[in-house]
Each structure stands twice: as C-alpha cells, then as structure tokens.
Amino acid sequence: MHTRTILKLKDLSVCGQLLASFDGPENIIIKSCLLPICCALFFYLIITYYHLQEYLWRFYDADWKTGLCDKLQSMQRFFGLHPSGELDKETLAVMKRPRCGLSDVEQFGGTIRWKKRTLSYRITGSNLPSSASKIHKVFREAWKLWSSVVPMKFRKRSRKEADIVICFHKGDHEDGTPFDGKGGILAHAFLPGSGIGGDVHFDADEDWSFNSTAAHEFGHALGLPHSSDPGAIMYPSYNFAPNYELQLSFRDVKDVQNLYGEFSSIQKMKHYFTDWTQKGSFPKQTNRE
C-alpha cells in the first residue's frame, strides 16, 4: 500500500479539481474563499500524518523500511479494528485515548521477571499531585490486585533503597521517554532488573485519578506486556472509570501466574484467612473472561 492510502490524500485532489472548476476572472471571489479551506485541509492532513508517524514509531516500531501501512494495520488488529490501513475515525479515536507509554509490541518473554518473592517500593520526588496518604492508599490497593493472585509481597519503604522506585515527572526527565503534558501518555514503567529496572514514572501534569493507571504500570514493573483484551488491566489505553472497582481479567491472572506461579494450597488457605480476619469476607475470585 502507498502511504497516501493511509491519509486519503485524494481529498486534496478533490480540492484542486474544485478550485479548477471555478477558473476565470469572474470566479476569483469564490476561489479566494475556497483557497483557505483547501489550505486548512492540507495542513490538517500533514499534521495528522506527523502524529500517525510518531504514534506508530513509538508504539509499533515503525520506520521507513517497514512502511507505515503495515504498522497501521498491526495497530488496528491489536485494538480490534478493521485492518484497512486507512486512518479512519475509529483509528483516530484510539490514537487520541490516554494511554501507557510502553510499546504494544515490546518483547518481554517469560525470563524477564523478579527472582524474589518480596519486593520493596519507594515513592520519591516533590511533584506529588495529591496528598501522600491518598497516593499511598491507591498504590497499596494496586499492588494488592497482583499479590492476590500470585505468591508475591510488596513492602513500602520510606528511606532505604528499594527494588521499585515510583515518582512523578514533568516533560523530559532524562530517561529517554519524555512526557507530553496533559493527555496523551500518562505513565510508563521499566521491565524488572537492576538500576532503573522495575521503576514507574507518572506524568505530573495529569489530573490524577489513577487506580487503573497504577495497577497497569505495576503490571509492567512485574514483567507483563500489553494485552489486546479491552477488559484487561494490561490493555494499553486506560478504559476504566475513576470509581470503577478494579479487578484483573482472566488474561491478566494467567499472564502474571505464568511468571510467578500460583498459590499452593496452604498459601491459599492463609491468604483467605488473612483477608477474612481483616475484612470479615473472603477475597473475590478473579476468573472472568
């Protein structure tokens, strides 16, 4: 496919034909009115093409050799759209959704995971968008989603070094993936490992209500890739309402259990008993498909 198919540049030829149809000095006023419209369409298509190229480069490893149409079709298939290779309104709507900054075709693999069962995390920086107590509560609940299905524990630290450092940044924060201000990319995380591995960065310019965003990025910190399931926490676009009671999808559970295993029978009994003594109810079963 030619690149012009993506943007339907035939619209420009229609404008040209329309201008040509009003040839002659007697139509100069009509042409002067149509010309700004055609110029605006031209610049709109150029800007849209730039954003498309940037989106596919960032999230689908597009380059001049692979061709944008093939990558656009890959993106459309990932999001359950018709793989037309054209930049239609449904595709544009997906591109405009707030999302995670990690690639949708990132190669994770089952060996990229933490080797220990207890991980520490620490919240740093001065750009906190809300009270520290509220942020701590949100993060605690997000970690609990994952620890409820795998034999892992997450401990918060205040001063000491931690496995996972969580912070809020604005714009370029010197990790190679700058934030873009309000909207667009809300956060990103790094795969498990030493140094920056496992760290999670949130965009401080956002209006934060980040239950689903935190749970999603913590999934990356554990080694999970993006999921094409719209109901999954690991779906790249954030689909959940602010007050929605989050739960892991069947795919989320299976993917994280493939990395860290399941609870043994004794661990399950202990887990259920702990939850019962703390809340007076048994934990919910997360097995929806």
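This structure is a prediction, so every number in the text was calculated from the model and none was measured.

**Comments concerning the sheet that holds strand β6 (residues 200-203)**
The strands making up a sheet are joined through hydrogen bonds of the backbone, oriented either antiparallel or parallel. An order of β1-β5-β6-β4-β2-β3 is seen for the six strands of this open sheet, with the pairing classed as mixed. The open sheet has two edge strands, β1 (99-100) and β3 (153-157), and neither has a second partner. Relative to β6, strand β5 (residues 185-189) runs antiparallel, the two being bridged by three bridges. In the strand pairing of β6, His188 is matched with His201. Its contacts with the sheet put helix α7 (residues 211-222) on β1, β2 (118-124), β3, β4 (164-169), β5 and β6, and the angle it makes with β5 is roughly 25°.

**Regarding the environment of Ala189**
Mapped onto the elements, Ala189 comes out in strand β5. A relative accessible area of 5% places Ala189 in the buried class. Measuring from C-alpha to C-alpha, the distance between Ala189 and Phe218 comes to 7.6 Å, with 29 residues separating the pair along the chain. Beyond its immediate sequence surroundings of up to four residues, Ala189 is in contact with Leu102, Asp199, Val200, Glu217, His220 and Ala221.

**Things to note about the side chain of Arg99**
Take Arg99: it is sitting in strand β1. Here Arg99 falls in the buried class, since its relative accessible area comes to 2%. Side chain to side chain, Arg99 and Tyr55 meet in a polar contact 3.0 Å long. Those residues in contact with Arg99 that lie beyond four places of it in its chain are Tyr55, Phe59, Phe79, Asp104, Gly184, Ile185, Leu186, Ala187, His226, Pro236, Ser237 and Tyr238.

**Quick look at the UniProt feature "binding site: Ca(2+) 2" (unreviewed entry) in the chain**
The sites that UniProt annotates as "binding site: Ca(2+) 2" (unreviewed entry) are Asp163, Gly197 and Asp199. Across 37 residues in sequence, these annotated residues keep their C-alpha atoms within 8.2 Å of one another, forming a single compact spot. You can see Asp163 is positioned in the loop between β3 and β4. Judged by its relative accessible area of 17%, Asp163 falls in the buried class. Non-local contacts of Asp163, meaning those with residues more than four positions away in its chain, are made with Trp114, Lys116, Thr118, Leu119, Ser120, Gly197 and Asp199. Separated by 2.7 Å, the side chains of Asp163 and Lys116 make a polar contact. On the secondary structure map, Asp199 appears in the loop between β5 and β6. Here Asp199 is in contact with Asp163, Ile164, Val165, His188, Ala189 and Phe190, once residues within four sequence places are set aside.

**Here's the deal with helix α8 (residues 250-260)**
Those residues of α8 that sit buried are Asp252, Val253, Val256, Gln257, Leu259 and Tyr260. Along the axis of α8, the buried positions cluster into a sector of 155°, meaning they face one direction only. Next to the buried residues of α8 lie α6 (132-147) and α7. Of the residues one or two after α8, Gly261 is the one with positive phi, at around 80°.

**Focus on helix α5 (residues 89-96)**
All of the buried residues in α5 are Thr91, Leu92, Val94 and Met95. What you see down the axis of α5 is that its buried residues fit within an arc of 160°, all on one side. Facing away from the buried side of α5, by more than 90 degrees, are the exposed residues Lys89 and Lys96.

**Brief notes about the packing of helix α4 (residues 68-78) against α5**
At their nearest, the axes of α4 and α5 sit 11 Å apart, and the two run at 80° to each other. Relative to α5, the element α4 is oriented roughly perpendicular. On α5, the residues touching Leu72, Met75 and Gln76 of α4 are Thr91, Val94 and Met95. The class makeup of the residues in the contact of α4 with α5 is four nonpolar, two polar and no charged.

About the criteria used
- Residues numbered from 1 in each chain as written.
- Predicted model: local features only at pLDDT ≥ 70, side-chain atom pairs only at ≥ 80, totals over all residues.
- Heavy atoms only, no water.
- Pairing = 2+ DSSP bridges.
- Helix = DSSP H or I, 4+ residues; strand = E, 2+ residues; numbered from the N terminus.
- Contact = heavy atoms within 4.5 Å.
- Axes fitted to C-alpha atoms, helices over the stretch in contact; angles between N-to-C directions.
- Buried < 20%, exposed > 50% of the residue type's maximum accessible area, 1.4 Å probe, protein only.
- Polar contact = N/O pair within 3.5 Å; in protein donor to acceptor, adjacent residues only side chain to side chain.
- UniProt positions renumbered as here; feature names shortened; annotations may be inferred.
- Arc of directions from axis to C-beta.
- Parallel < 35°, antiparallel > 145°, perpendicular 65-115°, else oblique.
- Nonpolar A, V, L, I, M, F, W, Y, C, P; charged D, E, K, R; others polar.

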